[in-house]
Amino acid sequence: MNDFLRTIRLPLLFAGLLLLTLIFMLGDREPAPGEEAPWLQSVMLEITGPIQSLFTRPAEWLGEVWTGYIALVDVNQENERLLEQLALLEEENLQYREALVASGHLARIARMRVDFEVPLLPSQVVGQDVSPWFRSVLLDRGRDEAVRSGMPVVSAGGLVGLVTATSPNASRAMMMLDRRSAVDAIVQRSRARGIVRGTGSGEIEFIFMVRGDDVREGDEIITSGVSGVYPKGLRIGVVTGVQTERSEILHTAEVRPAVDFGRLEQVFVMLERGPTLDLLFGADGDQHAPPSASEPEAGG
Amino acid sequence: MRSAIAWCGLGLFGVAIQAIAADAFSAQLVPDLSLLAALAAALVLGPAEGMIVAFTLGLGSDMVSGSLLGQHAFVRVIEFVMVRGFASQLDLRRFVPQVAVGFVLSLVDAALMGGVSLLFVSAFTVAWNEIGGLLARALLTGAAAPAVGQLARATTAWLSETEARREMRLETRRPVL
């Protein structure tokens, strides 16, 4: 009997470990609404957050010294150029405001802003994903600061992604570049609707239904707000090229992200979740993987 | 047992280093240290201990990655068994076989990760322009394999030496009569 047990010990261990990983993966893929994130993951996020921060802060400091003091070549010229550009933009902005006031839209927009204004929590990116297959970042704010799974993450440039896991003092956010990410979006100029998907290789693409020439190079892509995962009007990127050979109905446009994901340091967590995510995650609960990771915002 | 715990610690430290390096450069330009630690564990530890170490290292990678919880662990356990298979056919203490196995395992790792993602997340496509990065990572992982193997052997030797010294000290404390 002992010999038999000794013989099957390794195959049993192998099968047991594989079974355990399958249970983990299934549990992580289909979260039950309102449940907390797995305790083990929560503990690891708590540990890795400060450790990664400890290592990344000196690297950031060195980078700041380099860019702030050593690499200040041609800054004067650039400054003059930017000031000129700023003056032009201010003038342009003024003209837009005038046009809006004239059409009576400004008052309505001001009212809407109050209705839709979302509190933003500043947060530092303290670590990147170790695997080249996934695109996520570790943030230094967590459940204690009211960060919950499903909350959008933005930066000064535009949309970054979505919070997917939280611990008391850290959280993980899946970036828009991840191949599991899908965001319902529209073209600002033509209002053509489609889905922005991460390709996984650091790029994003806009897949849309062809209705004439409604997507062109240089078009700005913004979130549509449909399905309530992301608020409407967040900048996603600019179209850099349109591919027509994909199929007759669906075309793909290459999009340059509005956010420089390679230099992501400070981001903001939008402390409000859309109604769809509240239904899926539970109003106060938390989970690891949002369903939007594999579905295009539940179709929106 | 002490070796296994030490390997878990070293491997998880490797994962942390990998995370920091991925932050500074790009994940594709950093050798997969977690995979190499699992490879080394397969060579220097017993089969049961090594398998548990590989599983733990995989879980460690899952914690600092956007993957499903258990995805890396699943892949590492399978890779561990593969390395044991390779070890029975090749002399993995030599430089070239180590590089080759590191290279091949990195590609196998990519294929398994893709397969598991396809099965559980049902959205996993690999773009053509990713192949270059994949090969670069496999080459770097292969190139780093002999160094990790060397470190593994040195650590194991040091641990067994410490263990032997400790046992000798305990032995001298026994009453003579």
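The structure displayed is predicted, hence computed values, not measured ones.

K.L.:
Explain the overall build of chain B to me, and be specific about the residues and the numbers.
P.N.:
The helix and strand inventory of chain B stands at six helices and zero strands. When its helices and strands are written in sequence order, chain B yields α-α-α-α-α-α. Within chain B, counting contacts between residues at least 6 apart in sequence, those at least 24 apart form 72% of the total. Accessible surface, chain B: about 8,200 Å² in total, of which carbon and sulfur atoms supply 70%.

K.L.:
Help me get a handle on the sheet that holds strand 8 (residues 204-209) of chain A, residues and values and all.
P.N.:
Residue and element names in this part refer to chain A. Reading around the circumference, 6-7-8-11-10-9 is the order of the six strands in this closed barrel, with antiparallel pairing throughout. Averaged over all pairs of adjacent strands, the angle between strand axes in this sheet comes to 40°, irrespective of strand direction. Summarising the sheet, strand 8 and strand 11 (residues 250-257) pair through six bridges and their orientation is antiparallel. Following the sheet pairing, F206 is matched in strand 11 by A253.

K.L.:
Could you give an account of the nonpolar core, naming the residues involved and the relevant values?
P.N.:
Of all hydrophobic cores here, the largest spans 45 residues; its most connected members are W7(B), V53(B) and F74(B). Among the elements of the structure, helix 1 (2-29) of chain A together with helix 1 (2-24), helix 2 (33-44), helix 3 (47-63), helix 4 (71-89), helix 5 (95-120) and helix 6 (129-172) of chain B are those that each provide at least two residues to this core. Formed by 40 residues, the second largest nonpolar core is a distinct cluster that contains L177(A), V187(A), V269(A) and M270(A).

K.L.:
Pulling in residues and values, what's your account of the interface of chain B and chain A?
P.N.:
Contact with chain B, which involves 47 residues of that partner, is made by 42 residues of chain A. When the buried area of chain B at its contact with chain A is split by residue, M63(B), L69(B) and F120(B) rank highest and sum to 18% of it. The interface formed by chain B and chain A contains zero salt bridges. Our enumeration of links across chain B and chain A arrives at five residue pairs in polar contact (both at pLDDT 80 or more). Elements supplying a minimum of two residues to the side of chain B that touches chain A: helix 1, helix 3, helix 4, helix 5 and helix 6 of chain B. The biggest single contributor to the side of chain B that touches chain A is helix 3 of chain B, with nine residues. Its residues assigned to classes, the side of chain B that touches chain A comprises 31 nonpolar, 12 polar and four charged.

K.L.:
Go over unusual backbone geometry with me, naming the residues and quoting the values.
P.N.:
Residues and elements named next belong to chain A. Of note, the phi angle at A146 is positive, near 70°, even though the residue is not glycine. As for its placement among the helices and strands, A146 is situated in the loop between strand 2 (136-139) and strand 3 (152-154). Even without being glycine, R191 reaches a positive phi, approximately 65°. Along the chain, the position of R191 falls in the loop between strand 6 (182-187) and strand 7 (193-198). You can call R191 partly exposed: its relative accessible area is 43%.

K.L.:
Got a sec to walk through the confidence of the model for chain A? Specific residues and values, please.
P.N.:
Low pLDDT means the predicted coordinates in that region are not meant to be read closely. Looking at chain A as a whole, the pLDDT averages 76, with 69% of positions reaching at least 70. Across residues 283-300 of chain A, where pLDDT falls below 50, the model places 68 contacts with residues more than four positions away in sequence or in other chains.

K.L.:
Can you tell me about the pattern of salt bridges, naming the residues and giving the values?
P.N.:
All names here are of chain B. Counting across every chain of the model gives eight salt bridges over all chains. Across the salt bridge formed by R76 and D32, the nearest N and O atoms sit 3.5 Å from each other. With R76 in helix 4 and D32 in the loop between helix 1 and helix 2, the pair connects residues that are 44 residues apart, well separated along the chain. Judged by relative accessible area, which is 1%, R76 ranks as buried. The exposure class of D32 is buried, given its relative accessible area of 3%. The structure contains a network of salt bridges with shared partners spanning D32, R76, E79, D109 and R137.

K.L.:
Please set out helix 4 of chain B residue by residue, giving values where relevant.
P.N.:
In this model helix 4 of chain B runs 28 Å from its N-terminal to its C-terminal C-alpha over 19 residues, within 8% of the 27 Å that 1.5 Å per residue would give. Three or more residues of helix 4 of chain B are buried, namely Q71(B), H72(B), A73(B), F74(B), V75(B), R76(B), V77(B), I78(B), E79(B), F80(B) and V83(B).

K.L.:
Residue-level account of a nonpolar patch on the surface, with values.
P.N.:
The grouping of V126(B), W128(B), I131(B) and L135(B) at the surface amounts to a nonpolar patch, some 430 Å² of accessible area in total. Mapped onto the fold, V126(B) is located in the loop between helix 5 and helix 6.

K.L.:
Tell me what's going on with the pairing of strand 8 of chain A, and back it up with residues and numbers.
P.N.:
Residue and element names in this part refer to chain A. Relative to strand 8, strand 7 is paired through five bridges, and the arrangement is antiparallel. Bridge pairing links I195 to I207 in strand 8. Hairpin connection of strand 7 to strand 8: five residues between the antiparallel strands, including G200 at a positive phi of 95°.

Scoring rules and cut-offs
- Each chain carries its own residue numbering, running from 1 in the written order of its sequence.
- Note on labels: chains are lettered from A, ligands numbered from 1, in written order.
- This being a predicted model, a pLDDT of at least 70 is required before a residue's local features are given, and a value of 80 or more before pairs of side-chain atoms are given or counted; all residues contribute to the totals for chains, interfaces and linings.
- The side-chain values count all of the structure's non-hydrogen atoms but skip hydrogen atoms and water molecules.
- Each helix corresponds to a stretch of at least 4 residues labelled H or I by DSSP, and each strand to a stretch of at least 2 residues labelled E; elements are numbered beginning at the N terminus.
- Throughout, a residue-residue contact means that at least one pair of heavy atoms, one from each residue, lies within 4.5 Å.
- Here the Shrake-Rupley method, with its probe set to 1.4 Å, supplies the accessible areas, and only the displayed protein chains count as covering residues.
- Criterion used throughout: strands pair if DSSP finds at least two bridges between them.
- In this analysis, axes come from line fits to C-alpha atoms, helices being fitted only over the stretch in contact, and the angle between any two N-to-C directions falls in the range 0 to 180 degrees.
- In plain words, nonpolar cores are sets of buried Ala, Val, Leu, Ile, Met, Phe, Trp, Tyr and Cys residues tied together by side-chain atoms within 4.5 Å.
- Burial classes follow relative accessibility: with a 1.4 Å probe on protein chains only, a residue under 20% of its type's maximum area counts as buried, one over 50% as exposed, and anything between as partly exposed.
- What gets called buried area is simply the loss in accessible area from a 1.4 Å probe that two parts show on being joined, summed for both.
- When a carboxyl oxygen of Asp or Glu lies within 4 Å of a side-chain nitrogen of Lys or Arg, that pair is called a salt bridge.
- Between N or O atoms, a polar contact is any pair within 3.5 Å; within protein, one atom must be a potential hydrogen donor and the other a potential acceptor, and residues adjacent in sequence are included only when both atoms are from side chains.
- Throughout this entry, Asp, Glu, Lys and Arg are counted as charged residues, while Ala, Val, Leu, Ile, Met, Phe, Trp, Tyr, Cys and Pro are counted as nonpolar. The remaining residues, Gly among them, count as polar.
- As a per-residue measure, pLDDT reflects the predictor's confidence and takes values from 0 up to 100.
- Here the expected length of a helix is defined as 1.5 Å per residue gap, with one fewer gap than residues.
- Residues form patches when they are more than 30% accessible in relative terms and have no salt bridge. Like charges link within 9 Å. Nonpolar side chains (Val, Leu, Ile, Met, Phe, Trp, Tyr) link within 5 Å.

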